[in-house]
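Residues per chain are reported as follows:
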Amino acid sequence: MAEVTTTRFRVGYALLLKKQRSFIQRSLVNSARERGIDLIRIDTDKPLADQGPFDCVLHKLNCEEWRKQLKDYSIRNPSSVVIDSPDAIRRLHNRISMLEVVLEIEAAELKAGDSASFGTPKQTVVYELDKLKDPTCWSVGLKFPVIAKPLVADGSIKSHKMSLIFSREGLEQLKPPTVLQEFVNHGGVIFKVYVVGEYVKCVRRKSLADISDEKLGSLHGSFSFCQVSNMSSHVKNDETYYKVLEDAELPPMHLITNIARGLRRAMKLHLFNFDVIRDTRVWNRYLVIDINYFPGYAKMPGYESVLTDFFWDVLTKEEARSFDNQKGTVKSVDNSGGGEDEKGDEQDPFQV
Ligand SMILES: Nc1ncnc2c1ncn2[C@@H]1O[C@H](COP(=O)(O)OP(=O)(O)OP(=O)(O)O)[C@@H](O)[C@H]1O
Ligand SMILES: O=P(O)(O)O[C@H]1[C@H](OP(=O)(O)O)[C@@H](OP(=O)(O)O)[C@@H](O)[C@@H](O)[C@@H]1OP(=O)(O)O
Ligand SMILES: [Mg+2]
Ligand SMILES: [Mg+2]
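How each quantity is defined
- Residues numbered from 1 in each chain as written.
- Chains lettered and ligands numbered in written order.
- Predicted model: local features only at pLDDT ≥ 70, side-chain atom pairs only at ≥ 80, totals over all residues.
- Heavy atoms only, no water.
- Helix = DSSP H or I, 4+ residues; strand = E, 2+ residues; numbered from the N terminus.
- Polar contact = N/O pair within 3.5 Å; in protein donor to acceptor, adjacent residues only side chain to side chain.
- Contact = heavy atoms within 4.5 Å.
- Near = heavy atom within 4 Å.
- Areas by Shrake-Rupley, 256 points an atom, 1.4 Å probe, with all protein chains shown as cover.
- Nonpolar A, V, L, I, M, F, W, Y, C, P; charged D, E, K, R; others polar.
- Donors = N, O, S within 2.8 Å, 3.2 Å for Na, K, Ca; no water.
- Buried < 20%, exposed > 50% of the residue type's maximum accessible area, 1.4 Å probe, protein only.

## Quick word on the side chain of Q20
Thinking step 1. Considering the arrangement of structural elements, one finds Q20 in helix 1 (residues 17-23).
Thinking step 2. Separated by 2.8 Å, the side chain of Q20 and the backbone oxygen of L15 make a polar contact.
Thinking step 3. With residues near it in sequence (within four places) discarded, Q20 still touches Y13, L15 and R41.

## So, the site of ligand 2
Thinking step 1. The environment of ligand 2 is made up of 15 residues, and the closest members are K18, K60, H160, K192 and K299.
Thinking step 2. For ligand 2, an oxygen atom lies 2.7 Å from a polar atom in the side chain of K192.
Thinking step 3. The protein chains hide 85% of the 540 Å² of surface that ligand 2 would expose on its own.
Thinking step 4. Here the residues of the shell around ligand 2 are counted per class, giving three nonpolar, six polar and six charged.

## Looking at the coordination of the magnesium ion (ligand 4)
Thinking step 1. Within the protein, the atoms that donate to the magnesium ion (ligand 4) are D290 (OD), D290 (OD) and N292 (OD1), at distances of 2.1 to 2.7 Å.
Thinking step 2. The two metals, the magnesium ion (ligand 4) and the magnesium ion (ligand 3), are separated by 3.9 Å and share D290 as a common coordinating residue. No difference in accessibility class separates D290 from N292, as the two residues are buried.

## Things to note about unusual backbone geometry
Thinking step 1. Geometrically, the link from G52 to P53 is a cis peptide bond, its omega value of 5° lying close to zero.
Thinking step 2. Position of P53 relative to the elements: it lies in the loop between strand 2 (37-41) and strand 3 (56-60).
Thinking step 3. With omega at 0°, the peptide bond leading from I83 into D84 counts as cis.
Thinking step 4. For N284, which is not glycine, the phi dihedral falls at a positive 60°.
Thinking step 5. Following the sequence through the fold, N284 ends up in the loop between strand 13 (271-278) and strand 14 (285-293).
Thinking step 6. Given the relative accessible area of 15%, N284 is considered buried.
Thinking step 7. Backbone geometry at F294 places phi at a positive 45°, although glycine is not the residue there.
Thinking step 8. Along the chain, the position of F294 falls in the loop between strand 14 and helix 11 (303-316).
Thinking step 9. The class of F294 is buried, set by a relative accessible area of 0%.

Given below as structure tokens:
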């Protein structure tokens, strides 16, 4: 009788320790293992070329040396799927190019007859300190309050340090390059939309409170904050916070899935989330304010099965790897004993 072989897949991950601790949980490792997928840590102190081979590489490391190693690895291992291309991820490291993509997809994703619309808040970038301190240099179309955000969004602590600027004096302590974005009242709740390939999940999170015109009159200077939507245990125990969140109506799901699909295709990324607020000035209008590569998926309910399904799909289905039906490497697999069969070739090593 022929021996029955069970194909196992090897998914390598290259993540910072903090990310490994949050994402690579025992429950995820077990869930993947049961589907024949082994999650294997890539040792970033050793050359990538000496490790593997992997059927798939997941990564969130932001340095030139890693990008170079990954490119070489991809060329040498064309059948290995890299999730995602470093060049595609790079777009999200700048808060201007990050949101430009939203405007690019706007026309395509807004369906005729749909009463809901989406866009981004007005924003501008200022590179020089003297221009930053003088609102006449940048305020065209923008008025206080504005949110000052570091231009670079590279995952560093400093890239998350924001200020709500109420008046001119608040501009003093800013360090350019800075993005100045209109602060939009949105009822104190943001919607975080997690995208994992074609899977889309929208959750509510705490946000900054609205600022009325009366309140603005009495506010001066600035207020600094950092990752306000990340749930600390202090906030988790706050019952009024839960009530506000529960009461917030979710955005129309078709709008959210259209934006998610549009972004996924335009950015050529599989793993990201985006933050959406409901603009209280315009009925049924939603604004995308932030897009993050490989966010904190462990906070997403049932993340283990969602991620396991995603790994399975990218490992076994060409359409799960491609954007707009681009040609890619096909790996068909028969787990009941058939072995595997690889076809196809890729031009760009990361264009899966
Ligand atoms: N234009 C805006 N109008 C109103 N509130 C905003 C706006 N931009 C940001 N915020 C608030 O500030 C928070 C932080 O902004 P943003 O999401 O851009 O920062 P971040 O550090 O990149 O966040 P993350 O932790 O999701 O990466 C948002 O979650 C939201 O509460
Ligand atoms: O650490 P957490 O689980 O909170 O995940 C956060 C993630 O941090 P990590 O990648 O270091 O894990 C952040 O990435 P960087 O911008 O700092 O690269 C960013 O994506 C946040 O939006 C994520 O929070 P979420 O949007 O899911 O609430
Ligand atoms: Mg955000
Ligand atoms: Mg962000």
